[in-house]
Amino acid sequence: MAKILIYNNNSNRMEVYNRDISEAMPYNINKTLTVKEFRGSSNSNILWTDRRTMQAWNNFRKLYGKPIYVGFAFKRPWEGGHSNLSQHYAGLAFDVGQNISNQERSVMRRLAISSGFWRYVEPAVDTPRWVHFDDRWISSGYPLTRSGSKGVYVLIAQDSLNTLGYDTGGLDGIFGVKTRNSVISYQAKNNLSQDGIIGVNTWRKLMSDVVGKGAGDNTVM
Ligand SMILES: [Zn+2]
């Protein structure tokens, strides 16, 4: 079983699902994406994404018209395996098509770009052996995250802070008082402006501290 946290972009609420890894992801249509596929090489029993990303997958999969092999998708920050501000830690990114030819990948990549379903498609020069597409919220990096924020980027912050020994009062994707206090403590310890807001500098420091640390607590609920 896996616990799946979904940020519903339509209702601005966090939703929680418990699914067997052989089941379809929440909001997935026709079981074109199982929990196991979305988890990829991650070992986590907690996963997250948002509703909009699942809809982008449904739309793209329908347009492509045949199964899409998913090599990597979700990773928790402390598991590493991606760059420090990767959208894979947000659960918004897919690395697919590892099992097809260069020519077929080119077709898929062009379709991903022309479809407009993805906010970002990595150029072939960066990822020639797979196709990376994602539904990021801002053009690069992570958005400013603060009291009242909800969603996948709050989950990244909470998971990272918990891993580094701070107590955010849970892993729920909702930026409340305890999350804010742990951000301020983290900022104080790292000579960052103590405003309780995770902007560019705090994100950069936080992710460089936690990515690939490999010591996260997988049981944190
Ligand atoms: Zn990727």
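Residues numbered from 1 in each chain as written. Predicted model: local features only at pLDDT ≥ 70, side-chain atom pairs only at ≥ 80, totals over all residues.

S.K.: Before we go on, may I ask you to explain the environment of Arg109 in this structure?
M.R.: Residue placement: Arg109 occurs in helix α3 (residues 102-115). In the structure, Arg109 is positioned 63 residues away from Asp172 in sequence and 34 Å away in space, judged by C-alpha atoms. (Helix = DSSP H or I, 4+ residues; strand = E, 2+ residues; numbered from the N terminus.)

S.K.: I keep staring at helix α2 (residues 51-64) and nothing clicks. Help me out?
M.R.: A turn of α-helix holds 3.6 residues, and therefore any two residues three or four places apart point the same way. Under the 1.5 Å per step criterion, the end-to-end length of α2 is 20 Å for 14 residues, consistent within 8% with the ideal 20 Å. All buried positions along α2 are accounted for by Thr53, Met54, Ala56, Trp57 and Phe60. One face of α2 carries all of its buried residues, which in axial projection span an arc of 155°. Two residues or fewer after α2 comes Gly65, characterised by a positive phi angle close to 85°. (Expected span 1.5 Å × (residues − 1). Buried ≥ 20, exposed ≤ 12 C-beta atoms within 10 Å, placed from the backbone. Arc of directions from axis to C-beta.)

S.K.: Explain the domain arrangement of the protein chain to me, please; I cannot follow it from the model alone.
M.R.: A common way to report how large an interface is uses the accessible area buried once the components associate. Split into domains, the protein chain comes out as domain 1 (2-134) and domain 2 (152-210). Distance from the C-alpha centre of domain 1 to the C-alpha centre of domain 2: 25 Å. Of the residues lining the interface, 16 residues belong to domain 1; the matching set on domain 2 comes to 15 residues. Looking at the side of domain 1 that touches domain 2, the elements that each hand over two or more residues are β1 (2-8) and β3 (46-50). Ranked by residue count, the leading element in the side of domain 1 that touches domain 2 is β3, at four residues. When its residues are assigned to classes, the side of domain 1 that touches domain 2 shows eleven nonpolar, three polar and two charged. (Domains from an automatic or database assignment. Contact = placed C-beta atoms within 7 Å. Nonpolar A, V, L, I, M, F, W, Y, C, P; charged D, E, K, R; others polar.)

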